[in-house]
Amino acid sequence: MAEEQQFQAGVNTHENVIFSCFGGASNTGITSGLASLEAVKELGLTKAAIMCLGGLPTNVKPVFGKTKAAKKIITVDGCPFECARKVVEQAGFKPTKSIVLTRDISMKKKGLSEDIGKEIKGVMDYISDDEVKRAKDFIVKTIME
Ligand code: SF4
């Protein structure tokens with residue numbers, strides 16, 4: 001059986017990992033995922049990557065290895081259900097910092113199904129560039145501090 005790969009942050013894996021929710025049926029979930037990606041684009045992949053949230057309950061070994069090696073584990077959630085933080089904690093990790101967009105950048109959650117049968121818009125019409133940028137800035141600051 002192959003030896004389990006050893007990971008060392010900043011050498012053969014990312015220095016910090018982000019676990020983001022991505023609920024595609026609300027503005028908060030979509031903003032969470034987009035802002036996390038923008039943060040990685042700004043920081044570069046040596047500094048941070050979005051780690052596979054689904055790899056935790058399914059016991060994907062490289063996800064556990066890279067998460068154990070990370071200097072910081074940041075969870076990003078759109079709303080108070082805090083799906084990402086709960087999944088990370090259920091896998092046995094303690095997030096260095098938990099970000100919740102409704103709390104930390106005062107986003108107001110909008111369920112996109114609410115407008116079905118009324119005036120449903122295109123999905124990106126529910127997303128604010130300003131909120132994505134403010135969320136991205138918050139994530140970047142949290143990783144760099
Ligand atoms: S934390 Fe909120 S926005 Fe994110 S996936 Fe869970 S319910 Fe959706």
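So, here is what we can say about the structure in this document. (Residues numbered from 1 in each chain as written. Predicted model: local features only at pLDDT ≥ 70, side-chain atom pairs only at ≥ 80, totals over all residues.)

Looking now at the pairing of strand 4 (residues 97-100). When strand 3 (residues 72-77) meets strand 4, the two strands line up parallel, connected through four bridges. Of the residues in strand 4, the one forming a bridge with Ile74 is Lys97. Taken together, strand 3, helix 3 (residues 83-90) and strand 4 form a β-α-β motif whose crossover is right-handed. (Pairing = 2+ DSSP bridges. Helix = DSSP H or I, 4+ residues; strand = E, 2+ residues; numbered from the N terminus. Right-handed = clockwise from strand over helix to strand, strands pointing away.)

Burial runs high along strand 1 (residues 16-20): five of the five residues are buried. Residues Asn16, Ile18 and Ser20 of strand 1 are buried on one face, and the alternating residues Val17 and Phe19, pointing to the opposite face, are buried as well. The sheet contact formed by strand 1 and strand 2 (residues 48-50) spans three bridges and is parallel. Pairing of Val17 across the sheet is with Ala49, part of strand 2. Taken together, strand 1, helix 1 (residues 27-43) and strand 2 form a β-α-β motif whose crossover is right-handed. (Buried ≥ 20, exposed ≤ 12 C-beta atoms within 10 Å, placed from the backbone.)

On the basis of which strands lie adjacent, the open sheet formed by four strands has the order 2-1-3-4 and parallel pairing. Lying at the two open borders of the sheet, with one neighbouring strand each, are strand 2 and strand 4. Strand-to-strand twist in this sheet, taken as the mean axis angle between neighbours without regard to direction, amounts to 20°. Taken strand by strand, helix 1 contacts strand 1, strand 2 and strand 3, and its axis lies near 155° from that of strand 2. Seen against the sheet, helix 3 touches strand 1, strand 3 and strand 4 and runs at an angle of roughly 140° to strand 3. (Axes fitted to C-alpha atoms, helices over the stretch in contact; angles between N-to-C directions. Contact = placed C-beta atoms within 7 Å.)

A few words on the nonpolar core. Within the largest apolar cluster, 27 residues are counted, with the highest numbers of intra-cluster contacts made by Ile18, Ala35, Ala39, Ile74, Val76 and Ile139. Taken together, the elements giving at least two residues each to this core come down to strand 1, helix 1, strand 3, helix 3, strand 4 and helix 5 (129-144). By residue number, the principal contributor to this core is helix 1, which donates six residues. In this view, Ala39 contacts Ile18, Ala48, Lys136, Ile139 and Val140; residues no more than four positions away in its chain are not counted. (Core = buried A, V, L, I, M, F, W, Y, C linked by C-beta atoms within 7 Å.)

This part takes up the packing of helix 1 against helix 5. Look at helix 1 against helix 5: their axes get within 8 Å of each other, and the N-to-C directions meet at 55°. The angle between the axes of helix 1 and helix 5 places the two elements in the oblique class. Two packed elements cross with a definite hand, and for helix 1 against helix 5 that hand is right-handed. Residues Thr31, Ser32, Leu34, Ala35, Ser36, Glu38, Ala39, Glu42 and Leu43 of helix 1 lie in contact with helix 5, whose contacting residues are Glu131, Val132, Ala135, Lys136, Ile139, Val140 and Ile143. (Parallel < 35°, antiparallel > 145°, perpendicular 65-115°, else oblique. Left-handed = near helix turned anticlockwise from the far one by under 90°.)

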